[in-house]
Amino acid sequence: MEKTHLKTGIFGGTFNPVHIGHLALANYLCEYEDLDEVWFLVSPQNPFKKNVHLLDDRIRLEMVEAATAGYPRFHASDFEFSLPRPSYTVDTLQKLSETYPEREFVLIIGADNWAKFDLWKSPEEILRKHRILVYPRLGYELHIPDKVSGCVKAVHTPLLEVSSTFIRQAIAGGKDVRYFVHPATFRIIQEKQLYQLSCSV
């Protein structure tokens, strides 16, 4: 009998670039939580980071595709590329549910985003329609109120405090950070000479 309602984790971000912290986190959630798969949803524009210069959408997607190709439970998605910008999570989840009714979409966010979740667009609607997995971030208390504990779960993933900002700045400074990104991603960064210019964001 064909399995329906695949539990699909939605891991959104600019992934500028995708790094081992992203991959290890998603790997853990696939293996230790009840997710069938994780979609890396490459965002063309984060509403909270409007002034951050991003690489071309397709280059960032290419890096995610390269990094996730070897694990069948990962999927690189450009779903938000065709949605109005800036792309808000509540709207993206609604469109995903309409497009893929056979899947149950579970939102994956960090404790830093959970701390400001009430500032998101229509947070009540997200909580009403979707489960949320919240992973720890250094410097942020991870507390789930009892009133939402039925749909929001704190997951105790390993703390790998690697950031895309660190990687961009390191490369711009001439550092070799190949072990902070997937080898296939690192090859793309080298071949396209990405992040070579000095950056402060």
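Here's what I pulled together on the structure shown here. (Residues numbered from 1 in each chain as written. Predicted model: local features only at pLDDT ≥ 70, side-chain atom pairs only at ≥ 80, totals over all residues. Heavy atoms only, no water.)

### Here's the deal with the environment of aspartate 57
Inspection of the secondary structure assignment puts aspartate 57 in helix H2 (residues 57-68). Counting along the chain gives 41 residues from aspartate 57 to asparagine 16, while the straight-line C-alpha distance between them is 9.5 Å. Residues in contact with aspartate 57, not counting those within four places in the same chain, are Pro44, Phe81 and Arg85. (Helix = DSSP H or I, 4+ residues; strand = E, 2+ residues; numbered from the N terminus. Contact = heavy atoms within 4.5 Å.)

### A look at the sheet that holds strand E3 (residues 74-77)
Strand order in the open sheet formed by six strands is E3-E2-E1-E4-E5-E6, and the pairing between neighbours is parallel. Taken across any chain shown, the strands that pair with only one partner, and hence form the sheet edges, are E3 and strand E6 (152-154). Sheet twist, expressed as the average angle between the axes of neighbouring strands with direction ignored, equals 25 degrees. Examined bridge by bridge, strand E1 (residues 6-13) and strand E4 (residues 103-110) share six bridges and lie parallel to one another. Looking across to E4, one finds that threonine 8 is bridged to phenylalanine 105. The strands touched by H2 within the sheet are strand E2 (37-42) and E3, with E3 carrying the most contacts at an inclination of about 170 degrees. (Pairing = 2+ DSSP bridges. Axes fitted to C-alpha atoms, helices over the stretch in contact; angles between N-to-C directions.)

Geometry only, nothing functional implied.
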